[in-house]
Amino acid sequence: METERTDTQIIEHSIRDILSHIGENPARPGLVDTPARIVKMWREIFRGYDERQKPEITTFQNGADGLVYDSMIIDSGTFYSMCEHHAMPFFGTYHFAYIPHPEGKILGLSKIARTVDYYSARLQIQERLVSDIVNEIEAVLGIKYPPPGVALIMKGEHLCKTMRGVKKQGQMTSSSLTGLFKTESAVRNEFLQLVKPNI
């Protein structure tokens, strides 16, 4: 009786078929282990579908240490994701900001980067990515004392544009602004001025 193949074996077989389809020989030495390596890589770069790997976002009560902070807090970094249209990478930089509510919560700063990484680790479009991240942060900060404003700008190079199709270099910029960042030009301009050297 033939042993039932595991999901991993089925996926690896499909990858070998794809290699054959593009004109390669999946049995040649350099490609023998490639299907297994691809499956392992997918588990890592698509970890955003695994709820068990969703980061726990640490928060602190504003004012608990004697300091009530209600000014803008900004975090910047890099991101890597995969375009859902062609399954090719897009990557770049992000600039995140929020204004804590005096009676609300303060984010653990490293958790912003972890949230960006988690939602980036899916097949994405950049417009949805900024929305996913901002929605998650707002939900964590709570509805009783929500932050007066949250902002996120992401600027990314999409290899589906650079390597194929029009084959042009360039970056796409997308943003999600809520609260004062959306309604108050002075707040929005302050944020843009603070991150401008890096945009």
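Quick caveat: nothing in here was measured; it's all calculated off a predicted structure.

(A) Spatial organisation of the overall build of the protein. Assigned secondary structure in the protein consists of seven helices and seven strands. Ordered by position from the N terminus, the helices and strands of the protein form the series α-α-β-β-β-β-α-β-α-β-α-β-α-α. A compact globule built from 199 residues should have a C-alpha radius of gyration of about 16 Å, whereas the protein, at 21 Å, is more than 25% larger. With the C-alpha coordinates aligned to their principal axes, the bounding extent of the protein is approximately 70 × 45 × 20 Å. The buried share of the protein, reckoned over its 199 residues, is 38%. Residue pairs in contact within the protein that sit at least 24 positions apart in sequence constitute 69% of those at least 6 positions apart. Of the roughly 12,000 Å² of accessible surface on the protein, 53% is carried by carbon and sulfur atoms.

(B) The arrangement of unusual backbone geometry in detail. Even without a glycine there, the phi angle at Ala87 is positive, about 55°. Summarising the element assignment, Ala87 is placed in the loop between β2 (73-83) and β3 (89-99). Despite not being glycine, Lys167 has its phi angle at roughly 55°, a positive value. With respect to the helices, strands and loops of the structure, Lys167 is situated in the loop between α5 (159-162) and β7 (171-179).

(C) Structural view of the environment of Ser76. By secondary structure assignment, the location of Ser76 is in strand β2. C-alpha of Ser76 to C-alpha of Ile153: the two residues are 77 residues apart in sequence and 9.5 Å apart in space. Filtering out sequence-adjacent residues up to four positions away, Ser76 remains in contact with Tyr94 and His95. At a separation of 2.7 Å, a polar atom in the side chain of Ser76 contacts the side chain of His95.

(D) Focus on the nonpolar core. Of all hydrophobic cores here, the largest spans 26 residues; its most connected members are Phe96, Tyr98, Leu107, Ile133, Leu152 and Met154. Secondary-structure elements contributing two or more residues to this core are β2, β3, β4 (105-107), α3 (109-120), α4 (126-141), β6 (149-158) and α5. Among the elements that line this core, the one with the most residues is α4, at six residues. Setting aside residues up to four positions removed in sequence, Phe96 forms contacts with Ile73, Ile74, Asp75, Leu107, Ile112, Ile137, Val150, Ala151, Leu152 and Phe191. The next biggest cluster of nonpolar side chains, apart from the first, holds nine residues, and it includes Ala97, Ala151, Ile153 and Val195.

Conventions used here
Residues numbered from 1 in each chain as written. Predicted model: local features only at pLDDT ≥ 70, side-chain atom pairs only at ≥ 80, totals over all residues. Heavy atoms only, no water. Helix = DSSP H or I, 4+ residues; strand = E, 2+ residues; numbered from the N terminus. Rg over C-alpha atoms; globule rule 2.2 N^0.38 Å. Buried < 20%, exposed > 50% of the residue type's maximum accessible area, 1.4 Å probe, protein only. Contact = heavy atoms within 4.5 Å. Areas by Shrake-Rupley, 256 points an atom, 1.4 Å probe, with all protein chains shown as cover. Polar contact = N/O pair within 3.5 Å; in protein donor to acceptor, adjacent residues only side chain to side chain. Core = buried A, V, L, I, M, F, W, Y, C linked by side-chain atoms within 4.5 Å.

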